[in-house]
Amino acid sequence: MLIDDYVADLSRALAGPAGPKRDLVVEARDSLTDTADALEAQGLDREAAERAAVEEFGVVAEIAPGYQEELTAVSGRRLAALLFLTLPMSVLIWSAIWHLFPGDHNAWSARPAWYATATTLLDAVQVVTGLYGGLALFALGRGARRFGRTALITRSLGLTVMVALPLCGTLSLLVTAVSDLPPGFDQLAPVAVAELVTSAFWVLQLYCAVRCLALTRRARA
């Protein structure tokens, strides 16, 4: 097998973020090319040098798992960083909104007994999930040698999002439904921006979670 064929097979065997995947494949190609150049300088013809370089590098089935683990870690770190940054930020944004537009204070007494519990739980789920994202970010980065289990941590992040998002969405709907909101509340510029930002955060989290689950499912298979 020549270098171009080997690199193509390696690229097909890997899945993950496009940029990091391209970097890994380019790195492998550069290493193979350097080895082939050295062998050619020693007297081998180009084809024989490339075949020898490929044979020395190792078969794709043996090399790909290590590369795939790195791509999985990259995906996990992206999702972990996203959770660590966006979820606490969402709590702060909406806390500011409710302070700016508190509604009718006299209506608070008419709210259900579970209202305070629901709002506290909503904030807690977001903060705890964000903190877990921070811990996972460390475990997949500087703590990778200590913790290992890259695929397991990445998968747990994806599953966490799949549980946290529906829970947060349900609690948000319940809280909003019984809140005494002034007319045109949704059309207020700060509120509209907060809703847009929160929705964007959730879409990004869901997208990254699906990617992480797909990668770890592929690794297990």
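Residues numbered from 1 in each chain as written. Predicted model: local features only at pLDDT ≥ 70, side-chain atom pairs only at ≥ 80, totals over all residues. Heavy atoms only, no water.

A. Local environment of the pattern of salt bridges. For the structure on display, the rule yields 7 salt bridges. Salt-bridge contacts for R29 lead to D4; the nearest nitrogen and oxygen are separated by 2.7 Å. With R29 in helix α2 (residues 18-41) and D4 in helix α1 (residues 3-13), this pair connects stretches of sequence that are 25 residues apart. The residue D9 makes a salt bridge to R12 at a minimum N-O spacing of 2.2 Å. With D9 and R12 both in helix α1, this residue pair falls 3 residues apart, about one helical turn. (Salt bridge = Lys/Arg side-chain N within 4 Å of Asp/Glu carboxyl O. Helix = DSSP H or I, 4+ residues; strand = E, 2+ residues; numbered from the N terminus.)

B. Inspection of α2 at higher detail. Spanning 24 residues, α2 covers 34 Å between terminal C-alpha atoms, matching the ideal 34 Å at 1.5 Å per step. Those residues of α2 not exposed but buried are P20, K21, L24, V25, A28, L32, A36 and L39. Of the surrounding elements, those touching the buried residues of α2 are α1, α3 (46-57) and α4 (60-100). With its phi angle positive at about 125°, G43 sits one or two positions after the end of α2. (Expected span 1.5 Å × (residues − 1). Buried < 20%, exposed > 50% of the residue type's maximum accessible area, 1.4 Å probe, protein only. Contact = heavy atoms within 4.5 Å.)

C. Structural context of the nonpolar core. Grouped together as the largest cluster of nonpolar side chains are 19 residues, with contacts concentrated most on I3, Y6, L10, L14, L32 and Y67. Those elements that place two or more of their residues in this core are α1, α2, α3 and α4. Broken down by element, this core gets its largest block of residues, 6 residues, from α2. One finds A80, L82, L157 and C212 within the second-largest nonpolar core, a separate group that totals 15 residues. (Core = buried A, V, L, I, M, F, W, Y, C linked by side-chain atoms within 4.5 Å.)

D. Molecular detail of the environment of D30. Among the structural elements, D30 can be located in helix α2. Sequence-wise, D30 and I3 are 27 residues apart; in three dimensions their C-alpha atoms are separated by 9.8 Å.

E. Just the environment of E195, in detail. Here E195 lies in helix α8 (residues 189-220). A residue is classified by how much of its surface remains accessible, and E195, at 31% relative accessible area, is partly exposed. Expressed as a C-alpha distance, the spacing of E195 and S90, which sit 105 residues apart in the sequence, is 9.6 Å.

F. The side chain of T198, seen in detail. Turning to its location among the elements, T198 is positioned in helix α8. Of note is the side chain of T198, whose polar atom sits 2.8 Å from the backbone oxygen of A194. (Polar contact = N/O pair within 3.5 Å; in protein donor to acceptor, adjacent residues only side chain to side chain.)

G. Main features of the confidence of the model for the chain. On average, residues of the chain score 87 in pLDDT, and 89% of them are at 70 or above. At the low end of the mean pLDDT range in the chain sits helix α6 (residues 144-147), at 74; at the high end sits α2, at 95. (pLDDT = per-residue confidence, 0-100.)

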